[in-house]
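# Coordinate inspection notes
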Amino acid sequence: MRIFLNYDPSAPARSRALSNNNGSIEMKCRMVLLSAALVLAACGGGGDGGSAEPVAPTPTTPTTPGGLPPPEPATPVAPAGTTAAEILALADATNLAGTSYPWNGRFAGMVKRWRLPIPVKTNGEARAVPAMDAIEAKLGFTVFDRTSLANADETTITRGLVFRQGTSYLPVGGNPRSFCANVSDAPLSGGWSASMVSPGELTGRIYVNLDNPQCVADAEIVIHEIGHAMGLATHFKGFGGEDDDGAIGPEFWPVLATLYANPIGTPKASVVVKQIKD
Ligand SMILES: [Zn+2]
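Bear in mind the structure is a predicted one, so any value in this text is a computation, not a measurement.

## Examining the pairing of strand β12 (residues 204-210)
In terms of residue burial, β12 counts as a mostly covered element, since seven of its seven residues are buried. When strand β8 (residues 159-165) meets β12, the two strands line up parallel, connected through seven bridges. Its bridge partner lying in β12, F163 is registered against V208. Pairing between strand β9 (residues 181-184) and β12: four bridges, direction antiparallel. Considered in β12, the bridge of V183 is made with V208.

## What to know about the confidence of the model for the protein
When pLDDT is averaged across the protein, the result is 79; 70% of the residues are at 70 or more. Counting interchain partners and residues more than four positions distant, the pLDDT-below-50 stretch residues 1-42 has 111 contacts. Contacts for the low-pLDDT stretch residues 45-67, under 50 throughout, to residues beyond four places or in other chains number 79 contacts.

## Some remarks on the sheet that holds strand β10 (residues 196-197)
Taking strand neighbours across the sheet as the criterion, the three strands line up as β5-β11-β10 in an open arrangement whose pairing is mixed. The open sheet terminates on both sides in strands that have one partner only, identified here as β5 (113-114) and β10.

## Describing the packing of helix α2 (residues 128-139) against helix α3 (residues 219-230)
Between α2 and α3, the shortest axis-to-axis distance is 9 Å and the interhelical angle comes to 65°. The interaxial crossing formed by α2 with α3 has right-handed handedness. Here A128, P130, A131, A134 and I135 of α2 come into contact with α3, specifically with A219, V222, I223 and I226. When its residues are assigned to classes, the contact of α2 with α3 shows nine nonpolar, no polar and no charged.

## A few points about helix α4 (residues 252-259)
Burial analysis of α4 places eight of its eight residues in the buried class, the great majority of the element. Among the residues of α4, F252, W253, P254, V255, L256, A257, T258 and L259 are the ones counted as buried. Of the surrounding elements, those touching the buried residues of α4 are α1 (84-96), β5, α2 and α3.

## Focus: unusual backbone geometry
For residues other than glycine, phi is negative in most cases, and the peptide bonds are mostly trans. P117 follows L116 through a cis peptide bond whose omega is -5°. Between S198 and P199 the backbone carries a cis peptide bond, its omega angle lying at 5°. In this structure, P199 sits in the loop between β10 and β11 (201-202). One non-glycine residue, N123, adopts positive backbone phi at about 55°.

## Some words on the packing of α1 against α4
Their axes nearest at 9 Å, the elements α1 and α4 cross at an angle of 70°. As far as their axial angle goes, α4 and α1 are roughly perpendicular. As for the relative orientation of α1 and α4, their crossing is right-handed in sense. Contacts between α1 and α4 involve I87, L90, A91, T94 and N95 on the former and, on the latter, P254, V255, T258 and L259. Among the residues making up the contact of α1 with α4, the classes are represented as six nonpolar, three polar and no charged.

## As for the nonpolar core
Counting residues in each nonpolar core, the largest one holds 65 residues, and the members touching the most others are L161, V208, V222, I226 and L256. Not counting residues up to four positions away in its chain, the partners in contact with V222 are R127, A128, A131, L210 and A217.

## Examining the sheet that holds β9
Sheets are built from strands paired through backbone hydrogen bonds, the pairs being either parallel or antiparallel. Taken in spatial order, the five strands make up an open sheet running β7-β6-β8-β12-β9, and their pairing is mixed. Across the chains shown, the open sheet's two edge strands, defined by having one partner strand only, are β7 (144-145) and β9. In this structure, strand β6 (residues 118-121) lies alongside β8, joined through two bridges in parallel fashion. Across the sheet, K121 pairs through a bridge with V162, a residue of β8. In this fold α3 packs onto β8, β9 and β12, with an angle of close to 20° to the strand it touches most, β9.

## Observations concerning the environment of P176
Turning to its location among the elements, P176 is positioned in the loop between β8 and β9. You can call P176 partly exposed: it has 15 C-beta atoms within 10 Å. When the C-alpha positions of P176 and D211 are compared, they lie 8.9 Å apart, and in sequence the two are 35 residues distant. When residues no more than four places from it in sequence are discounted, the contact partners of P176 are L170, N212, Q214 and C215.

Each value, and the rule that gives it
Residues numbered from 1 in each chain as written. Predicted model: local features only at pLDDT ≥ 70, side-chain atom pairs only at ≥ 80, totals over all residues. Buried ≥ 20, exposed ≤ 12 C-beta atoms within 10 Å, placed from the backbone. Helix = DSSP H or I, 4+ residues; strand = E, 2+ residues; numbered from the N terminus. Pairing = 2+ DSSP bridges. pLDDT = per-residue confidence, 0-100. Contact = placed C-beta atoms within 7 Å. Axes fitted to C-alpha atoms, helices over the stretch in contact; angles between N-to-C directions. Left-handed = near helix turned anticlockwise from the far one by under 90°. Nonpolar A, V, L, I, M, F, W, Y, C, P; charged D, E, K, R; others polar. Parallel < 35°, antiparallel > 145°, perpendicular 65-115°, else oblique. Core = buried A, V, L, I, M, F, W, Y, C linked by C-beta atoms within 7 Å.

Structural data, given as structure tokens:
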């Protein structure tokens, strides 16, 4: 069955302002209940924290070998305002615990992320390049394979991120500003099954859908969506969460870096926090 993104059905819709090239625009994530079994989430760069949608997981057949990747650099740096305990708690909520959508209990209590590098097909989407550059600059190592899928037929891609323009999921009646971009299993879809192979490796073909006819995703929203695709499932402070902090805030970087500073499948108790200066 199709699974839809679900961001915090228990919380009311909240709005926030984001600045982009067009000035301050209103961004908000709203949960829309389509039916008893069909819940989806908006992802316009801001939004609420997430929670699990109690639906059956639908992992796909592994198409790539699992196994632990080589450890990545984890050079400690001075705390950048968010304590290690806070970073670990945020990482736990959005990824490690695995109770939230789209983990749905799979590989609970451990690091779930891609084996690097992550193949990317940009489809000529220019905004993908500075976003990937920014992520690699912050993490300090190569994250993306930008070449192997460049000319691949999308239908043949079994592992990697595929950018599309104009395919953000916009449900009937949805605020276009609230549904400016999303991550899903298919263009124009709100569903993300989060294909994984043991011990918690993200895989599959994931679409990064940017824009709808009434909203253009800015640079921060693009980074935000890649963050989702890399394993940040639900929103948190610094990731479209609290305090009107926009699509990405100071907490985003160390949480993302922490996931990628630890081997896939690392149990929470063994996770080494990676501090990143904003
Ligand atoms: Zn989001």
